[in-house]
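Chain and residue survey
Below, each chain spelled out in residue letters.
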Amino acid sequence: MRALRRVAGTVVIAGVLAVLLFVGWAAIRGRPQDLPWTPLDLGQPIGLFTGRKLAALTDDFPACRAALDRAGVRYTVLPPRGQRGETCGYADGVRFTSGGPRRVGFTPADLGVACPVAAALAVWEWEVVQPAARTILGSPVVAIEHFGSYSCRRLYGRDAGSWSEHATADAVDIAGFRLADGRRLTIVGDWSREGQGADARFLRTVRDGACRLFSTTLSPDYNAAHRDHLHLDQASRGATGWRACR
């Protein structure tokens, strides 16, 4: 019994020391976004817990709007769709509007998404898409092409089974990118499993960056159904829920 108590005590002390070291490490680096309990700041570089904090906004529309407001993101709130308790619909939809720190438009321009998806898209633009475009392609992105967000359907359009995150506007399908120099990259035309060439390298880089911000990121590497788009969603799976990146 004494031996068991000593082992338990050692484990507890080790856990406390690990937490203290972690906090000290984050504080020394000046990166509050690496701590799970600090408020989400969309203007900060991506941290260890940024993705978790973004996903947590799925259940807190006021907090999500506050995060957008603090970051200066301009948007309009969409009217609720569907009734409480229904499978399809949303009550936290937003649409980006012009102005503010965002510089990338969406094509078609009427994209409406759940607020947590909008928050993640803003960070994705600032911290992933634009840096990758300038570094790899030598030109910034001016527009992101998409296949839409809200769609009242089950996964893969089946008649039965789990409902898609699109059914609550918690997902968006990204089809391509338009650059300031006139070039256009599409998932269907420029993705490469080998990742050869600047265009393919850019697409894989923005996919990998999305994995740090969205609960689910699916690309052509996942299956044929995603051969022409990146599926990005903020499925609510809890603070320690699993994340999918493929």
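Look above for the structure.
Now for a quick tour of the structure. (Residues numbered from 1 in each chain as written. Predicted model: local features only at pLDDT ≥ 70, side-chain atom pairs only at ≥ 80, totals over all residues. Heavy atoms only, no water.)

Concerning the sheet that holds strand S1 (residues 75–77)
Hydrogen bonds between backbone atoms are what pair the strands of a sheet, whose relative direction is either parallel or antiparallel. Pairing is antiparallel across the open sheet formed by three strands, whose spatial order is S1-S2-S4. Both outer strands of the open sheet, S1 and strand S4 (113–114), are each paired with one neighbouring strand and no more. In this sheet, strand S2 (residues 93–96) lies alongside S1 in antiparallel orientation, the contact comprising three bridges. Bridge pairing in S2 places Thr-76 opposite Arg-95. On top of the sheet, helix H3 (residues 61–70) reaches S1 and S2; it is set at about 160° to S1, its chief contact. (Pairing = 2+ DSSP bridges. Helix = DSSP H or I, 4+ residues; strand = E, 2+ residues; numbered from the N terminus. Contact = heavy atoms within 4.5 Å. Axes fitted to C-alpha atoms, helices over the stretch in contact; angles between N-to-C directions.)

A short note on the packing of H3 against helix H4 (residues 115–137)
Axis separation between H3 and H4 bottoms out at 9 Å; the angle between their running directions is 25°. When the axis of H3 is compared with that of H4, the two are roughly parallel. Of the two elements, H3 crosses H4, and the hand of that crossing is left-handed. Within the contact between the two elements, H3 uses Phe-61, Cys-64, Arg-65 and Leu-68 and H4 uses Cys-115, Pro-116 and Ala-119. Its residues assigned to classes, the contact of H3 with H4 comprises six nonpolar, no polar and one charged. (Parallel < 35°, antiparallel > 145°, perpendicular 65-115°, else oblique. Left-handed = near helix turned anticlockwise from the far one by under 90°. Nonpolar A, V, L, I, M, F, W, Y, C, P; charged D, E, K, R; others polar.)

A short note on H3
For H3, the full list of buried residues reads Phe-61, Cys-64, Ala-67 and Leu-68. Summarising the axial view, the buried residues of H3 lie within an arc of 120°, below the 170-degree limit, and thus occupy one face. Opposite the buried face of H3, at more than 90 degrees from it, the exposed residues are Pro-62 and Arg-70. Those residues of H3 that are buried are in contact with S1, S2 and H4. The N-cap of H3, judged by a side-chain oxygen 3.1 Å from the amide nitrogen of Ala-63 a few residues on, is Asp-60. Positioned one or two residues after H3, Gly-72 has a phi angle of 80°, which is positive. (Buried < 20%, exposed > 50% of the residue type's maximum accessible area, 1.4 Å probe, protein only. Arc of directions from axis to C-beta. Polar contact = N/O pair within 3.5 Å; in protein donor to acceptor, adjacent residues only side chain to side chain.)

Concerning the pairing of strand S9 (residues 230–233)
Side chains Leu-230 and Leu-232 project from S9 onto one buried face, and the interleaved His-231 and Asp-233 project onto a second face that is buried too. Bridge count for strand S6 (residues 171–179) against S9 is four bridges, and the pairing is antiparallel. The residue bridging Ala-171 from the neighbouring strand is Asp-233, located in S9. Bridging between strand S8 (residues 216–218) and S9 involves three bridges; their strand directions are antiparallel. Within the sheet, the bridge partner assigned to Thr-217 lies in S9 and is Leu-232.

So, the packing of aromatic side chains
Centre-to-centre distance and the angle between the planes together describe a pair of aromatic rings. Taken as a whole and judged by the stated rule, the model has four aromatic pairs. Note on Phe-96 and Phe-106: the rings are 6.0 Å apart at their centroids and 15° apart in plane angle, and the pair reads as stacked. Within this pair, whereas Phe-96 is found in strand S2, its partner Phe-106 is found in strand S3 (residues 105–107), the two being separated by ten residues in sequence. An aromatic cluster of three or more residues is present, and its members are Trp-124, Phe-177 and Phe-202. (Phe/Tyr/Trp six-rings, centres within 6.5 Å; stacked < 30°, edge-to-face > 60°.)

A look at the state of the cysteines
According to the stated counting rule, one finds three disulfides in the structure shown. The disulfide that involves Cys-88 links it to Cys-152, with 1.9 Å between the sulfurs. Given an S-S torsion of about 85°, the disulfide between Cys-88 and Cys-152 has right-handed geometry. Taken together, the positions of Cys-88 in the loop between S1 and S2 and Cys-152 in the loop between strand S5 (141–146) and S6 put the pair 64 residues apart, joining distant regions of the chain. The disulfide that involves Cys-211 links it to Cys-245, with 1.9 Å between the sulfurs. (Disulfide = S-S within 2.5 Å.)

On their own, these measurements won't tell you what the molecule is for.
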